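Observations on the model geometry
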Amino acid sequence: MTATALRGDPAGRPPGTALRPGPRRFREMPGQVGWAVLAWVVGLAFFLPVLWMLLTAFKPESAAETWPPKFVFSPTLSEFRLVFSGMGPFLTHSVIATVGSTILVLVLGVPAAYALSVHPVKHWRDGLFFFISTKMLPIVAAIGPLYVIALHVHLLDSIWLLIILYTAMNLPLAIWMIRSFMLEVPKELLEAARLDGAGRIREITGVILPIVSPGLVSTALICVIFAWNELFLAINLTVTNAATMPMFLISSVPQEGLYIAHLSAAATVASVPVILVGWIAQRSLVRGLSMGAIK
Amino acid sequence: MAVVETGAQPTPKVEVRPRAVSRREQWQRRLPLLPALIYVVIVTQIPFVVTLWYSFQSYFWSTPGGAHFNGVSNYKTVFTNPAFRSALVRSVLMTATAVILAMILGVAIALLLDRKFLGRGVVRTLIITPFLVMPAAAALVWAGPMLDPSFGLLNYLLEPFGVPFGVHHVAWLSTHALGSVIVVMIWQWTPFMTLIVLAGLQSQPSDTLEAAKVDGAGAFATFRELTLPHLRPYIELGILLGSIYLVNVFDAVRLMTNGGPGTATTNLPFYLYQQVNNAFDVGGAAATGVVTVILTIIVATFALRMFARVFQFEEGGV
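Residues numbered from 1 in each chain as written. Chains lettered and ligands numbered in written order. Predicted model: local features only at pLDDT ≥ 70, side-chain atom pairs only at ≥ 80, totals over all residues. Heavy atoms only, no water.

1. Digging into the environment of B:Pro35
Residues and elements named next belong to chain B. With respect to the helices and strands, Pro-35 occurs in helix 2 (residues 33-55). What makes Pro-35 partly exposed here is its relative accessible area of 40%. Separated by 62 residues in sequence, Pro-35 and Thr-97 place their C-alpha atoms 39 Å apart. (Helix = DSSP H or I, 4+ residues; strand = E, 2+ residues; numbered from the N terminus. Buried < 20%, exposed > 50% of the residue type's maximum accessible area, 1.4 Å probe, protein only.)

What follows is the structure, encoded as structure tokens:
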């Protein structure tokens, strides 16, 4: 299914409609405003918990657990200072695991997607289905044996273990997405390159990669989101040497005492990188999630 | 393709076979696939085989002596254990509810976002944010600052509606634990559904919609007869992908309610986690895992038949 022309105002009025006075926009305005207001309400409602998290992060603990909840208070950075002083190694581990696994996903995924799209192997359907099937089996089912295996190969509590597992976690979706982006490459261009005598390598680097590079960006984005946010494997297979940001977040909930402002600050710091990246690359993300997945 | 009728004899049908692929070419095509394929096979199938192996053993970390073969005893336990069955049912309930509601909301919001209005980009940014928030952070923020009975924001916002009925300071995570967890799941995954459906809406050809409008079709009829069928593959994909991720939700359960109160919010991933972490029962967890895998395969095969179109992969090839 190829995306057809984007819906927009037609160039000219369809035959048969009488010209009505006034620009269409204004005539439909009351209805338009209603839907726009509703859209804003929904948007703000969805954003409210995030907004509350941000707000609470700047509160001193004494102002965080009050009734009624405080909207006006004197903001402080004290909780953030605590968070920044404690999160160093966790941040490093998260960055390494996320970036490392995403790079590995692209290195393995681009050739694989190529082999399943442009010059497909004979059983490409089976191959594609195999990759997707690995995602259907819950990772939780194998956590016990995974722990034992990791123990035996001395990879327990190692950042390499996380890189390896996160790559396997993201490869199926990445291959599916990259493949659908590659299918968009016009066949004429590939034919022309072949006629010019281009070999496989030049075909990939000269023709395909430039065209699918936005798709690669959105694929990488999604891999980063899932790897950065991953908790289950991290919490079960690491202790200190590879502990990631999600675990830092959990450690900010103490057994006793006030902690809500501190938790909000930690949650903010933990989430903000991915939120910012997602906001900035929004279009790419939308394109990747939807178009890249439909093929 | 126009068919021209002539009086001449019809040309004999020539079978156009695709260019035969030589053996060398076949291997050249396989080569780029091999690294990813071998990698995934090693990293996913070896643990699965080991899981299978341990499922036939009695292996408790707390007891010395390692693993002993005990046949299908673990499997018998799985099938007779009511805790497993209730976790399974709860998992299905949580996933189905979250997926369906998230998709309905997703379609509604996508329809809203499809129109041009002032600040549309900002609203879209606001709506995709829950999907970007770290699930662990979302769980902890909802559990504390949002839903806490003493200082939670939700109770404050709902005060005017509840006080007439004498209802206030609701302890959401005690009295409505399952609902609360499902709400967080929906909150995080509606943006995902919205984006997929929005792409579907924006790929809808404008001429058919204009023709419908000229014909005088109302908005609802247009939606039902034209838009919804066009959206079907997008909706199916959203449901499929969403289910795959939602059935594995762990963070919200562990961090909001720890499976409770009692087992009220225990889904399969959390149940397995408890078997390993609390009962130290590697053999039992392995057997539970294998049964889960088999059930997932059955469901996936069923889903494949239903959603065959999603897997109507477009063929590539030059």
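2. Side note on the packing of helix 4 (residues 82-114) of chain B against helix 5 (residues 120-132) of chain B
Residues and elements named next belong to chain B. Close contact between helix 4 and helix 5 brings their axes to 10 Å; oriented N to C, the two are set at 160°. Classified by the angle their axes make, helix 4 and helix 5 are roughly antiparallel. Crossing of helix 4 over helix 5 shows left-handed handedness. Residues Ile-109, Leu-113 and Asp-114 of helix 4 touch helix 5, and the partners they reach there are Arg-120, Val-123, Arg-124 and Ile-127. (Axes fitted to C-alpha atoms, helices over the stretch in contact; angles between N-to-C directions. Parallel < 35°, antiparallel > 145°, perpendicular 65-115°, else oblique. Left-handed = near helix turned anticlockwise from the far one by under 90°. Contact = heavy atoms within 4.5 Å.)

3. What to know about helix 13 (residues 260-280) of chain A
Note that an α-helix has 3.6 residues per turn; residues three or four places apart therefore point the same way. Helix length check: helix 13 of chain A (21 residues) gives 29 Å between terminal C-alpha atoms against 30 Å at 1.5 Å per residue, within 8%. Helix geometry: helix 13 of chain A is bent most strongly at A:Val272, by close to 40°, with proline A:Pro273 lying one to four residues after it. (Expected span 1.5 Å × (residues − 1). Bend = angle between axes of the 7 residues up to and from the residue.)

4. Some details on the packing of aromatic side chains
Considering all chains together, one arrives at 22 aromatic pairs over all chains under this definition. Ring centres of A:Phe130 and A:Phe131 lie 5.9 Å apart, and the angle between their planes is 55°; on these two criteria the pair is classed as tilted. A residue is classified by how much of its surface remains accessible, and A:Phe131, at 0% relative accessible area, is buried. An aromatic cluster is present here, built from A:Phe226, B:Phe131, B:Trp189, B:Phe192 and B:Tyr245 joined pairwise through their rings. Between the NZ or CZ atom of B:Arg30 and the centre of the ring of B:Trp27, over which it lies, the distance is 4.6 Å. (Phe/Tyr/Trp six-rings, centres within 6.5 Å; stacked < 30°, edge-to-face > 60°. Lys NZ or Arg CZ within 6 Å of the ring centre and 35° of its normal.)

5. Observations regarding a nonpolar patch on the surface
Where nonpolar side chains cluster on the molecular surface, the patch consists of A:Trp67, A:Phe71, A:Val72, B:Tyr156, B:Leu157, B:Leu158 and B:Phe161 and spans about 690 Å² of accessible area. Residue position: B:Leu158 is located in helix 7 (residues 153-162). Relative accessible area serves as the criterion here: at 35%, B:Leu158 is assigned to the partly exposed category. (Patch = residues over 30% accessible without salt bridge, like charges linked within 9 Å, V, L, I, M, F, W, Y side chains within 5 Å. Areas by Shrake-Rupley, 256 points an atom, 1.4 Å probe, with all protein chains shown as cover. Salt bridge = Lys/Arg side-chain N within 4 Å of Asp/Glu carboxyl O.)

6. Quick look at the interface of chain B and chain A
Taken together, the contacts link 110 residues of chain B with 116 residues of chain A. Together, the buried faces of chain B and chain A total about 10,300 Å²; carbon and sulfur atoms form 76% of this surface. Taken together, the connections running from chain B to chain A amount to zero salt bridges. For the interface between chain B and chain A, the tally reads nine residue pairs in polar contact (both at pLDDT 80 or more). (Buried area = accessible area lost by both parts, 1.4 Å probe. Polar contact = N/O pair within 3.5 Å; in protein donor to acceptor, adjacent residues only side chain to side chain.)

7. Describing the packing of helix 4 of chain B against helix 13 (residues 268-277) of chain B
Each packed pair of helices is defined by two parameters, the angle between the axes and the distance between the axes. Residues and elements named next belong to chain B. Between helix 4 and helix 13, whose axes approach to 8 Å, the crossing angle comes to 150°. Together, Ala-83, Phe-84, Ala-87, Leu-88 and Ser-91 of helix 4 and Leu-268, Pro-269 and Tyr-271 of helix 13 make up the contact between the two elements. Its residues assigned to classes, the contact of helix 4 with helix 13 comprises seven nonpolar, one polar and no charged. (Nonpolar A, V, L, I, M, F, W, Y, C, P; charged D, E, K, R; others polar.)

8. Regarding the confidence of the model for chain B
Of the residues in chain B, 89% have a pLDDT of 70 or more, and the chain-wide mean is 84. Note on the complex model: pTM 0.83, ipTM 0.83. (pLDDT = per-residue confidence, 0-100.)

9. Brief notes about helix 10 (residues 206-214) of chain B
Three or more residues of helix 10 of chain B are buried, namely B:Leu209, B:Glu210 and B:Ala212. Buried residues of helix 10 of chain B fall within an arc of 160° about the axis and therefore sit on the same side. (Arc of directions from axis to C-beta.)

10. Here we look at the environment of A:Pro210
Residues and elements named next belong to chain A. By secondary structure assignment, the location of Pro-210 is in helix 10 (residues 200-229). Residue classification places Pro-210 among the partly exposed positions, given a relative accessible area of 47%. With 25 residues separating them along the chain, Pro-210 and Val-185 place their C-alpha atoms 10.0 Å apart. For Pro-210, the contacting residues outside a window of four places in its chain are Ile-204 and Thr-205.

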